[in-house]
Amino acid sequence: MTSFRDKVIEIVRNIPRGKVLTYSEVADMAGNLKAARVVGNIMSKNTNKDIPCHRVIKSDMKVGSYNGILGKSKLDILKEEKVLFDNQGKVIRLS
DNA sequence: CAGATGACGATCA
DNA sequence: CTGATCGCCATCT
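Residues numbered from 1 in each chain as written. Chains lettered and ligands numbered in written order. Predicted model: local features only at pLDDT ≥ 70, side-chain atom pairs only at ≥ 80, totals over all residues. Heavy atoms only, no water.

Asks: What is the right way to look at the overall build of chain A in this model?
Replies: Scanning chain A from terminus to terminus reveals four helices and four strands. Order of helices (α) and strands (β) in chain A, N terminus to C terminus: α-β-α-α-β-α-β-β. Its C-alpha atoms give chain A a radius of gyration of 13 Å, near enough to 12 Å, the size a compact globule of 95 residues would have. For chain A, the spread of C-alpha atoms along the three principal axes comes to 40 × 25 × 20 Å. (Helix = DSSP H or I, 4+ residues; strand = E, 2+ residues; numbered from the N terminus. Rg over C-alpha atoms; globule rule 2.2 N^0.38 Å.)

Following this line, the structure appears as structure tokens:
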């Protein structure tokens, strides 16, 4: 059966390069708006490099945490993906 | 099955 | 803006 976890995995896996989604957005798409925390919990235990878990940020637009499976900090990876940041370390979306 | 956990979120100081 | 507190919920042990 498709657990909440599986949906989250699939959603995150489909995030295109250079784009980011918030934990609450992913949680919402997976079926539970209030489960943003669960999304993070799942990502933290996921070690599959096939999943761009670094493209998931907080609803505040701050990067949040990262397990470092790719050997780089989340912030650096996003910068490599051409994602823009302001002086407060927040992500700037190009609408 | 029950309790603990945490890559979060909103609110208050 | 920064930091602390409380609330939320699927997973893990």
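So much for the structure itself; the text now carries on.
Asks: When you look at unusual backbone geometry in this model, what are you seeing that I'm missing?
Replies: One non-glycine residue, Met61, lies in the positive phi region at around 80°. Looking at the element boundaries, Met61 is found in the loop between strand S2 (56-57) and helix H4 (74-80). The residue Lys82 is not glycine, and still its phi comes out positive at about 70°. With respect to the element layout, Lys82 can be found in the loop between H4 and strand S3 (84-85).

Asks: Would you take a moment to explain the pattern of salt bridges for this structure?
Replies: Side chains that differ in sign of charge can pair as their charged atoms come close. Here the structure, examined in full by the defined rule, presents four salt bridges. Ionic pairing is found between Asp50 and Arg13, a salt bridge with its closest N-O pair at 3.5 Å. Of the two residues, Asp50 is situated in the loop between helix H3 (36-45) and S2 and Arg13 in helix H1 (residues 4-13); the sequence distance between them amounts to 37 residues. A relative accessible area of 51% means that Asp50 is categorised as exposed. Overall, the relative accessible area of 39% leaves Arg13 in the partly exposed class. A salt bridge links Arg55 to Glu81; the shortest N-O distance between them is 3.0 Å. With a gap of 26 residues between them, Arg55 in the loop between H3 and S2 and Glu81 in the loop between H4 and S3 connect regions that are remote in the sequence. An identical accessibility class is assigned to Arg55 and Glu81; each is buried. (Salt bridge = Lys/Arg side-chain N within 4 Å of Asp/Glu carboxyl O. Buried < 20%, exposed > 50% of the residue type's maximum accessible area, 1.4 Å probe, protein only.)

Asks: Which parts of the structure should I look at to understand the protein's contact with DNA strand B?
Replies: With respect to spatial proximity, 14 residues lie near DNA strand B, and among them Arg37, Met43, Ser44, Ser59 and Ser65 are the closest. Each atom of DNA strand B within 4 Å of the protein was assigned to sugar, phosphate or base; sugar and phosphate come to 40%. Between Ser59 and DNA strand B, the recorded distance is 3.0 Å, taken from a backbone N or O atom to a phosphate oxygen. Elements with a minimum of two residues in the surface near DNA strand B: helix H2 (23-30) and H3. In terms of residue count, the dominant contributor to the surface near DNA strand B is H3 (six residues). Looking at side-chain class alone, the surface near DNA strand B contains five nonpolar, six polar and three charged residues. (Near = heavy atom within 4 Å. Polar contact = N/O pair within 3.5 Å; in protein donor to acceptor, adjacent residues only side chain to side chain. Nonpolar A, V, L, I, M, F, W, Y, C, P; charged D, E, K, R; others polar.)

Asks: Can you help me understand H1 in this one?
Replies: Residues of H1 that are buried: Val8, Ile9, Ile11 and Val12. Mapping the buried residues of H1 onto a view down its axis gives an arc of 165°, with all of them on the same face. Where H1 is buried, its residues meet strand S1 (21-22), H2, H3 and S2. (Arc of directions from axis to C-beta. Contact = heavy atoms within 4.5 Å.)

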